[in-house]
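This is what each chain is made of:
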Amino acid sequence: MKSMEILSSSCEQYNKPYRFNFFKLDLQLFAGEKTEEPTAKRKADARKKGQVGRSQEVNAAFVLLVGFLILRLLGGNAIAEIMNYSTYIFGNLNADINEESIMQMFIGMIILLAKTSMPLMVFIMIIGLAMNIAQVGFMFTTEQLQFNPGKLSPISGFKRMFSKRSLVELVKSLIKIVIIGYFVFSYLSDEIFQIPKLIYMDLMAGLNKMSDSIFTLAFKIIGVFMIMAAMDYAYQKWQNNQDLKMSKQEVKEEFKQQEGDPKIKGKIRQKQRQMAMARMMQEVPKADVIVTNPTHFAVALKYESGMSAPIVVAKGQDLVAQKIKELARESRIPIVENKPLARAIYAAVEVGGVIPQELYKAVAEVLAYVYRLKNKNRNKYA
């Protein structure tokens, strides 16, 4: 007997539906996932804060390029100026050295420094500004200069140090060191055997040879640096777009802020309809006649001397039509049943509009009937 009870209980357990309680998928976990492209407002707000896709490598590459080009073009003149001034200084060492002569030498050195370095500094400043404008356009913001206590937090500092962006910057720096180091090593390994030959040249020829080697190496490195800068610029643009991506909820909230809350807008439209309906109902007692369907449509018409044609002061369908007829009965406004005319006026004319010319005859017949009815009633009670 006990074995039968055990068997029946086992069967009941196996007959129960099997429930997979070990796995539950919570869709709310994905609600904040940033999968949507940034909106124009999001980009504009980020731009105001200085958050744009900009590569410092592009600026550095073009500054190096322009700097070495200026040195290549004007370096000879600068060296000549320095040599001439050095000759002048050493040629006048036997003269009396006093405060006035030292001041003159100091002023001359400042003028020499300005003449030799100012063109280079001006061109570098111009190219730096031009590259910033070329990447992000003209932008001036003080957002990054404002004091932010959060940046002083050690925890925030450690987060920035070990963030994904810092890791990418570290990898980029290592790649630059490896690539540039390889080019420097491969070039110098060929040129190093030419260095002993410099002792057989005069000073100017040796300097020219060394400057040629230095500029050749520099422009090769700059070429590699330009390629890396272009890749970094594309990466920074992509990374900035990734940082600005939005979740579906953020897109909805931004839409609400820009367009207004749909619930509030719906209530405003409802209030406007109620106000318009109230104004329309106030005009019903002023009408001359109500043309009905008779149950589904009602149109209130008014005509006074001086009007080009009768106007529609109120119209409605179903419940509104019943309300118009109720007000008409209270105000003793004639109600005329004319199904085709009521439908035509309701479809063709808005409240406050004039009856179209093709309906003149039908409306005139209705108004004539109303006027005859009014005259008959007036004579009856006279």
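If you're wondering where the values come from, they're calculated on a predicted model, not measured in any experiment.

## Side note on the nonpolar core
Soluble globular proteins: nonpolar side chains tend toward being buried together. Within the largest apolar cluster, 17 residues are counted, with the highest numbers of intra-cluster contacts made by Val289, Leu301, Ile345 and Val363. Those elements giving two or more residues to this core turn out to be strand 1 (289-292), strand 2 (297-302), helix 11 (339-348) and helix 12 (360-381). Examining the composition of this core, we find that four residues originate from one element, helix 12, more than from any other. Leave out the neighbours within four places in its chain, and Val363 touches Leu301, Pro310, Leu341, Ile345 and Ile355. With 14 residues, the next largest nonpolar core counts Ala287, Ile290, Ala314 and Ala321 among its residues.

## Brief notes about the packing of aromatic side chains
Inspection of the entire model under this criterion finds five aromatic pairs. Between Tyr235 and Trp238, the ring centres sit 6.1 Å apart and the planes meet at 35°, which makes this aromatic pair tilted. With a gap of three residues between them, Tyr235 and Trp238 both fall in helix 7 (residues 203-244), about one helical turn apart. Exposure remark for Trp238: the relative accessible area of 45% places this residue in the partly exposed category. These aromatic residues form a ring-pair network of at least three members: Phe68, Phe215 and Phe219. Taking the ring centre of Tyr346 as reference, the NZ or CZ of Lys315 above it sits at 4.7 Å.

## Structural notes on the layout of surface pockets
The computed volume of the largest pocket comes to approximately 510 Å³. Lining of the largest pocket is provided by 21 residues; of these, Leu71, Gly75, Gly76, Ile79 and Phe215 occupy positions nearest its centre. Of all the secondary-structure elements, those providing two or more residues to the lining of the largest pocket are helix 3 (56-91), helix 4 (99-136) and helix 7. The leading source of residues in the lining of the largest pocket is helix 3, at nine residues. Looking at side-chain class alone, the lining of the largest pocket contains 13 nonpolar, six polar and two charged residues. The volume enclosed by the second largest pocket comes to roughly 380 Å³. Lining the second largest pocket are 18 residues, and of these Val52, Arg54, Arg165, Glu169 and Gln236 sit closest to its centre. Every element with two or more residues in the lining of the second largest pocket is listed here: helix 3, helix 6 (164-191) and helix 7. In terms of residue count, the dominant contributor to the lining of the second largest pocket is helix 7 (five residues).

## A closer look at unusual backbone geometry
Positive phi is not limited to glycine here, since Asp318 has a value of about 55°. You can see Asp318 is positioned in the loop between strand 3 (311-317) and helix 10 (319-330). Overall, Asp318 belongs to the partly exposed group, its relative accessible area being 37%. You will see that Arg332, though not glycine, has its phi angle at about 60°, which is positive.

## So, the side chain of Gln239
Turning to its location among the elements, Gln239 is positioned in helix 7. Ignoring sequence-local partners within four residues, the contact set of Gln239 consists of Lys164 and Arg165.

## Quick look at the side chain of Lys245
Inspection of the secondary structure assignment puts Lys245 in the loop between helix 7 and helix 8 (248-259). Residues contacting Lys245, with those up to four places away along its chain left out, are Lys34, Glu36, Glu37, Pro38, Arg42 and Glu250.

Thresholds applied
- Residues numbered from 1 in each chain as written.
- Predicted model: local features only at pLDDT ≥ 70, side-chain atom pairs only at ≥ 80, totals over all residues.
- Heavy atoms only, no water.
- Core = buried A, V, L, I, M, F, W, Y, C linked by side-chain atoms within 4.5 Å.
- Buried < 20%, exposed > 50% of the residue type's maximum accessible area, 1.4 Å probe, protein only.
- Helix = DSSP H or I, 4+ residues; strand = E, 2+ residues; numbered from the N terminus.
- Contact = heavy atoms within 4.5 Å.
- Phe/Tyr/Trp six-rings, centres within 6.5 Å; stacked < 30°, edge-to-face > 60°.
- Lys NZ or Arg CZ within 6 Å of the ring centre and 35° of its normal.
- 1 Å grid on protein atoms, 1.4 Å probe; cavity = no way out; pocket = protein on both sides within 12 Å on 5 of 7 lines; lining within 4 Å.
- Points joined across faces, edges and corners; volume = space filled by probe spheres on them.
- Nonpolar A, V, L, I, M, F, W, Y, C, P; charged D, E, K, R; others polar.

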